[in-house]
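# Examination of the molecular architecture
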Amino acid sequence: MTADGAGEARADVTLKGARERRIATGGVELCVAELGDPEQPTVVLVHGYPDSKEVWSEVAGRLAGRFHVVLYDVRGHGRSTAPQPLRGGFTLAKLTDDFLAVLDAVSPDRPVHLVGHDWGSVQSWEFVTVGRTEGRIASFTSISGPSLDHFGHWINARVKRPTPRRVGQLLGQGAKSWYVYMLHTPVLPELAWRGPLGKRWPRILERVEQVPGGDYPTASLSSDAAHGAWLYRDNVRARLARPRPDAYAHAPVQLITPQGDAFLSERLYDGLERWAPQLTRRTLPAKHWVPRTRPDQVASWIEEFIMSVDGGRPEPKATGRHAARFGGQLVLVTGAGSGIGRATAFAFAEAGARVVAVDRDAESAARTAELSRLVGAPEAWGETADVSDEQAMEKLAEKVHREYGVLDVLVNNAGIGLSGSFFATTTDDWRKVLDVNLWGVIHGCRLFGARMSERGQGGHIVNIASAAAFQPSRALPAYSTSKAAVLMLSECLRAELTGQGIGVSAICPGIVNTNITSTARFAGVDETEEKRRQKNSARLYGKRNYPPEKVAEAILDAVIGDKAVVPVTPEARGAHLMSRFLPGALRRIARVEPRL
Amino acid sequence: MTTAVSSELSVELRGFRRVQRLAYECAEAVAARLEPGVTEREAARMQREWLRERGVRDWFHLPFAWFGDRTAFVNFRVPFQFFPTDRALAPGMPFILDMAPVYEGYTADIGYSGSLGVNPVQDRLMADLEAHRELILREVRERRPLREIYEDVDRLMVRQGYANRHRAYPFGVIAHKVDRVKQRRFSPHLFGFGTQSLKGLAADALHGHREGWSPLWSPYRFSDHPPQPGLWAVEPHLGFRGTGAKFEEILVVTDSRDPEQSAFWLDDDLPHVRRWAEEK
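Conventions and cut-offs
Residues numbered from 1 in each chain as written. Chains lettered and ligands numbered in written order. Predicted model: local features only at pLDDT ≥ 70, side-chain atom pairs only at ≥ 80, totals over all residues. Heavy atoms only, no water. Helix = DSSP H or I, 4+ residues; strand = E, 2+ residues; numbered from the N terminus. Rg over C-alpha atoms; globule rule 2.2 N^0.38 Å. Buried < 20%, exposed > 50% of the residue type's maximum accessible area, 1.4 Å probe, protein only. Contact = heavy atoms within 4.5 Å. Areas by Shrake-Rupley, 256 points an atom, 1.4 Å probe, with all protein chains shown as cover. Lys, Arg positive; Asp, Glu negative; His and termini not counted. Charge placed at Lys NZ, Arg CZ, Asp CG, Glu CD. UniProt positions renumbered as here; feature names shortened; annotations may be inferred. Domains from an automatic or database assignment. Buried area = accessible area lost by both parts, 1.4 Å probe. Salt bridge = Lys/Arg side-chain N within 4 Å of Asp/Glu carboxyl O. Polar contact = N/O pair within 3.5 Å; in protein donor to acceptor, adjacent residues only side chain to side chain. Nonpolar A, V, L, I, M, F, W, Y, C, P; charged D, E, K, R; others polar. Pairing = 2+ DSSP bridges. Axes fitted to C-alpha atoms, helices over the stretch in contact; angles between N-to-C directions.

### Description of the overall build of chain A
When its secondary structure is counted, chain A shows 23 helices and 17 strands. Radius of gyration (C-alpha) of chain A: 27 Å, near the 25 Å computed for a compact globule of 596 residues. Residues counted as buried form 56% of the 596 residues belonging to chain A. Here the analysis covers contacts within chain A between residues at least 6 apart in sequence; of these, 77% occur between residues at least 24 apart. On chain A, roughly 24500 Å² of surface is accessible, and the fraction owed to carbon and sulfur atoms is 55%. Positive and negative charge centroids in chain A, built from 74 and 66 side chains respectively, lie 7 Å apart.

See the structure below:
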């Protein structure tokens, strides 16, 4: 796993330090770059369209510490020469020749780990499914590029049995493939790329795809794009019309699917297990150019997959529903020693995430971490901190960032209960509840969110508000106020961070069976009465018996669906609806004093 | 753990101990014969046949077997879901065998947890059950109301990070009374429960209702009374993310003033107790 602290230090690494050589094959000369120790397992990175090997610079830098990283410019791209004539020079068979020529040069007697993005993945599917490369490829990680053969079968299956859903899938992908049709027109694409499009492309990438600038795209872009059009013209029609019937992968495959890919539908990979048994699926909330926008995540998944293949592919520990999405991600949960926080930590652990369980009670935090490891977290740590203590939180953030990395998901869950009329609530009571429920969230968002945003590779912040955020009650003035503040804070933060690919969700649970009742403060009553009310409310919550595990599920769903406000439990959903359509009724309910 | 010395065991307790041992032997024998592909129904039948061969004719309840996430009663809504299904055992899967044979008029009710191969989660659950066995005995000796003991067990489970799964049993009981049963030539059963035993339980319930106690140890108000002398089959059941573990054995409660004698586990030589001792 890549520690992000180290990743950052390498972030400015380009391919400048790479050893370069030129390899002649089939009438062209390929430019091959190598990084890292040649004794280590070899990883070959294949770029897509319209790119050159520099698209991998961020990922290659992160992998070079542990692997022998090899990149090459596909024929006609970057500093490799183009075939003459262009037509017929880019067939998959010729691309396979190139690949084998590179392998012969860089790793003649050891199989390599192959990684492809976009067209690099399309051609890598060819490499990994044809007979003559058998034994040369140890594993294949595919990012945003289906096999043309599988794609052909996918289309055929949908044309032959056009159920409404299948027609929808067909039309959906058909619309996303608009650029493929454009590329099939003669001359025009070349003119566009060498003219205005080539000039504007970096800005388009930055604006539409949120690809950060820098050393990419390179100066060769317009000729890469013009030559690369032949990749489509030489292969797409031929393969889609007559897909090979035997395109089975002869190496383990990891599929990384960006959910926001504008060019490829997620549905394309339905049933891929038929061609690649034991497929490892990964999804991430990002657009098409993940090697540029999410290098940390991509590099760590590549590394993890290679390690598992080299280690004989042990059974995956994490079997949860969302393992494809959260595997290897770093998740921090506050208040993880009990209740919703603990259940959330377990749910993320089951999905294979690395979990930091924070609680002010060291023992229960450690317990959560221990059980998290049991249910599937590759790593889990218990940390002690009081979220209301600014210095403690700063220390915690410093430690987490230094030792574990930048968070992918932050769950600000810690909270305390306070009940009692407004005039019975002392200023001390107010301070305490606001310190934990509101300031705790502020500290979390400020300290961990800042680093998330700085890293610029997305993430998600979940704040646990409450149904009390929109359901007024005379019994919970301070608590409801703090939770309403959390809800609004989340909404504002969401607006601010959405441009950076960081989602913010507010979860609003109703009555959930946790121990918040037995630690809640009841203002304005003596100690025995407080004890009695705690006990009675605990029994009441026990009778309601809504399990915190269901809230945890809602939290994972909120992260995956990037939902803004999620009321959980029927009463919370009811109150949420009423706050919009029947606020008067809610106000009348608010006047009722619950008897405990 | 302290228990009454065996010499002091009355004839009656010895009878209960004999059948409890027999039941645990059965559980161990059947568990050893479980293999991939065996279904819950088959496992239940194996327990039944094993015990019938050794002279068991009546049941408090027929043997149950739960495999996989059914050990944690995931999505159990109606009592019929407790009955064995066609779920097949696979490597690594946890299982629970639960049986309550009547032998020579004495009743046992036991629960045995295990897994096919290694299951670290269930191992952890089983290890953590030890604290519950200690807690229950301690608080029964303190003559705390059963309802409060129930809540303390609940709190301990939550602190450990687990869910209370005995809540899923009928009336949410953590324990119920067991007693001697008259041997009859016919021993019909109703929904898996022996009619003789049900009769005994109903008589207790009626009796207890008049005196303010209940043969069912539940989280409800009718259990808000100190432990009633007699034999209680105690079955704390932990659940954690689709894996469950329990033990079930008889706790003897007497009206002795000596705390040691006022409550003790019928037998300390049981598989789960031996396991805890070995791990130390």
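After presenting the structure, the write-up continues.
### So, the UniProt feature "domain: Peptidase M24" (unreviewed entry) in chain B
In the numbering used here, UniProt assigns the feature "domain: Peptidase M24" (unreviewed entry) to residues 16–255 of chain B. Secondary structure over residues 16–255 of chain B splits into 36% helix and 24% strand, and the C-alpha atoms at its two ends are 19 Å apart.

### Topic: the environment of L129 of chain B
All names here are of chain B. Positionally, L129 belongs in helix 3 (residues 120–141). Between the C-alpha atoms of L129 and G117, which are 12 residues apart in sequence, the distance is 20 Å. Leave out the neighbours within four places in its chain, and L129 touches P236, L238, A245, K246, F247 and W276.

### Observations concerning the domain arrangement of chain A
Residues and elements named next belong to chain A. Domain assignment breaks chain A into domain 1 (4–310) and domain 2 (323–591). On a C-alpha basis, the centroid separation for the pair domain 1 and domain 2 is 41 Å. On the domain 2 side, the residues contacting the 16 residues of domain 1 number 17 residues. In this assembly, domain 1 packs against domain 2 so that about 1200 Å² is buried in total across both faces, 35% of it on carbon and sulfur atoms. Summed over the shared surface of domain 1 and domain 2, the result is zero salt bridges. Seen at the junction of domain 1 and domain 2, the total is five residue pairs in polar contact (both at pLDDT 80 or more). The element contributing the most residues to the side of domain 1 that touches domain 2 is helix 12 (residues 295–310), with five residues. Across the side of domain 1 that touches domain 2, the residue classes tally to three nonpolar, five polar and eight charged.

### Here we look at the side chain of D73 of chain A
With respect to the element layout, D73 of chain A can be found in the loop between strand 4 (68–72) and helix 3 (92–106). For D73 of chain A, the side chain forms a polar contact with the main-chain nitrogen of R79 of chain A, separated by 3.0 Å.

### Looking at the pattern of salt bridges
Inspection of every chain in the model, using the stated rule, returns 64 salt bridges over all chains. Two residues, E530 of chain A and R521 of chain A, come together in a salt bridge whose shortest N-O distance is 3.1 Å. E530 of chain A sits in the buried class, given a relative accessible area of 15%. On the accessibility criterion, R521 of chain A (29% relative accessible area) is partly exposed. Residues K246 of chain B and D98 of chain B are paired through a salt bridge, measuring 2.4 Å at the closest nitrogen-oxygen approach. One end of the pair, K246 of chain B, is in strand 12 (residues 243–246); the other, D98 of chain B, is in strand 2 (residues 94–103), with 148 residues separating them in the sequence. The same class applies to K246 of chain B as to D98 of chain B, namely buried. Residues joined in a network through salt bridges with shared partners are E126, D149, R239, R244 and D246 of chain A.

### Focus on the sheet that holds strand 14 (residues 459–464) of chain A
Strands in a sheet are paired, the pairing made by backbone hydrogen bonds, and the direction either parallel or antiparallel. All names here are of chain A. Ordered by their spatial adjacency, seven strands build an open sheet running 11-10-9-12-14-15-17, and the pairing between neighbours is parallel. Sheet topology places strand 11 (380–384) and strand 17 (565–568) at the edges, where each strand pairs with a single neighbour. Mean inter-strand twist for the sheet, computed between neighbouring axes without regard to direction, equals 15 degrees. In this structure, strand 14 lies alongside strand 15 (residues 502–509), joined through six bridges in parallel fashion. Within the sheet, the bridge partner assigned to I464 lies in strand 15 and is I507. Where helix 17 (residues 427–455) meets the sheet, its contacts fall on strand 9 (330–334), strand 12 (409–412), strand 14 and strand 15, and the angle it forms with strand 12 comes to roughly 175 degrees. Sitting on the sheet, helix 18 (residues 477–497) is in contact with strand 14, strand 15 and strand 17, with an inclination near 160 degrees to strand 15.

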